[in-house]
Amino acid sequence: YGKLVLGSLSSRAWSEGGMSETLADLCFMLLLENTKRNQTDAVKSNSLLRQMQHDGQNDVEDIAALWNQPLFLLRDRALDKNRDHDALPAYIQLLTAFLSHSDQDVMSILSSPLGKSTPEKTLSPAAAVGLSSLATICSSKEMISASSGRMCGTSVWSVCPREEMKKAILSSLDSLARIVECVRPRKSVFVKSGTANQGLEEGGEESTSESSPWIRTAVCIIPIIEYLTNLQARFDFQPLFEGGGSRSAILSNADAKAISDSGLFREMLSMYTTTRNVNDASSNAAKDVVRMQLLRTMFTLSTQSPELLGKYAVRVPDFVKEVHSSTFMEKHLVDGILWTSIGSSLLENKSDTLKPRLKLRTNSKLNTGPIETKSLAERSISGFETMCQSSTKALQSLTRCVQNAENHVMSDEEKTEYDACKDALGDIRRFSNCLSNCPSATQIWLDSLKNKEDSTQKATTNIAELRSTLATLPSFSDEIKVLQQGHKKDDDDCVESAEDEPACPEDEVGQKNIQTLKQMRKDYGTIVASIRSSVKVIALAIESQKGVGLSLKGPVPCDVSSKTD
């Protein structure tokens, strides 16, 4: 785009020349041609480009493989803010066209016979390109900046990028649901353990070949959903869009209904439950990370639409059997608290009448595992108490590690303890981020506290104890005292400078230790400040039950100026 100086073309010249349509048609044609080359030999022999190659024109041999070049040109023009994103509608239309075509659709367009049916769990090249390209543009800086929420200019070619993206995503929900259904594993969890194990043995490649398509698809689906919810749950519940006025850009009731009607939410739940590890030995790091990101994305959808998507999720037996279990709470503390809270809010609310739960048919007995005797509200407050207590211990251990680092070099065991403390403190930051950036989650958590007697008092007590621990923590200075190098002479009052002496390895090691200690102190101050802010958010949320404190509309920028300033 830059080398061809296409950015110098005005929007009028670009439009009158039909550049967007030409690039889109060229990309589509070349991609289909490249797809057709991968079919049977009979299809390959009918290719016009292949005939040209056989006639001696070898310069066009790889022209179909260049389908991505016009795609990238159109993408760069669509992301060009200086040209008011005038090519964005055409680029998005091309991606939605890719998403809506299966291999059968592509071959019917080409009027070519399929020599071999597409294997199950395999996306067509067009759908894969459309999915990955849409996920990439949803995460691009130009589409999430503060300026993306308003019109880019005053010309007839100007668009509002955020609105264009949301319309495209909503119009592609059916295609996204079909894609997820295509790649998710088909094995059922409602089978006997022996049958399940046998299936894993026979299909031993499940952790590699079969899992790869659904992992790649989930990685692409997640940022697309985040664009609708404006919340990156996989990144500690941080807002996606930049700018102060972007917090209101959340999922509307109409959007939630569209997601439900398309079947996408149902397929995401099925993808999560069917990819569960049968035993710990089959655990895979990449698989576990993607499943957790998918779970947190579904939590965002459930909290922003609790009456529709939330109630659907908490009534799927195999799903709640995992996320409401004590084992899940131990491994994923914050996620366990949040899912038991939403379950308690929707299923245990005393003001609501009992509603029937969704039941799925099964011909075999379901292995229920250990029976949970505590209510969801009890499990939620128990997890919250555990989080506060572990945060208190982590703060004390973190302080001790920094103090000990002043006297000696940290051992490997101390470094491991230091990192473990930082990880433990990340739980309360993630929980407070969820409360502050997702107001509906705050109300859901408060509802779960009301469903268990003394839960509010217990939460208040635990937060007060954590505040007391924060108040007693020492503050470290940036200055570090070191022994003065050199020696005092007999009759002189001066000290010989270390600069006059040759550097030795011990000095270099000492300087490195000093820099490490400075960085530790800096990190310590940042962590403590973050925990103080998180504790304040949680405390205000609890106090809001009494009519004061945190507004459930979400945090607002702090303004300490008076009205008369």
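Everything that follows concerns the structure shown earlier in this document.
Residues numbered from 1 in each chain as written. Predicted model: local features only at pLDDT ≥ 70, side-chain atom pairs only at ≥ 80, totals over all residues. Heavy atoms only, no water.

Asker: In this structure, what is going on with helix α8 (residues 125-138)? I would like to understand it.
Answerer: Residues lying three or four places apart along an α-helix face the same way, a consequence of the helix completing one turn every 3.6 residues. Compared with an ideal rise of 1.5 Å per residue, which puts 14 residues at 20 Å, α8 spans 20 Å between its outermost C-alpha atoms and is within 8% of the ideal. Burial analysis of α8 places ten of its 14 residues in the buried class, the great majority of the element. A126, A127, V129, G130, L131, S133, L134, A135, I137 and C138 are the residues of α8 that are buried. (Helix = DSSP H or I, 4+ residues; strand = E, 2+ residues; numbered from the N terminus. Expected span 1.5 Å × (residues − 1). Buried < 20%, exposed > 50% of the residue type's maximum accessible area, 1.4 Å probe, protein only.)

Asker: It is not clear to me how the packing of aromatic side chains should be interpreted in this structure. Could you clarify?
Answerer: In this description, a pair of aromatic rings is defined by centroid distance and the angle of the planes. The full count for this structure, using the stated rule, is ten aromatic pairs. For the ring pair Y272 and F319, a centre distance of 5.7 Å and an interplane angle of 75° mean the geometry is edge-to-face. You can see Y272 sitting in helix α15 (residues 264-274) and its partner F319 sitting in helix α18 (residues 317-323), a full 47 residues away along the chain. F319 matches Y272 in its accessibility class, with the two residues each being buried. Taking 5.1 Å as the distance between ring centres and 80° as the angle between the ring planes, the aromatic pair formed by F319 and W339 counts as edge-to-face. Of the two residues, F319 sits in helix α18 while W339 sits in helix α20 (residues 333-347), which places them 20 residues apart along the sequence. Members of the aromatic cluster, each reached through a chain of ring pairs, are F237, Y272, F299, F319 and W339. Its end group placed over the ring of F241, R162 keeps NZ or CZ at 4.0 Å from the ring centre. We note R291 situated over the ring of Y272; from NZ or CZ to the ring centre the distance is 3.9 Å. (Phe/Tyr/Trp six-rings, centres within 6.5 Å; stacked < 30°, edge-to-face > 60°. Lys NZ or Arg CZ within 6 Å of the ring centre and 35° of its normal.)

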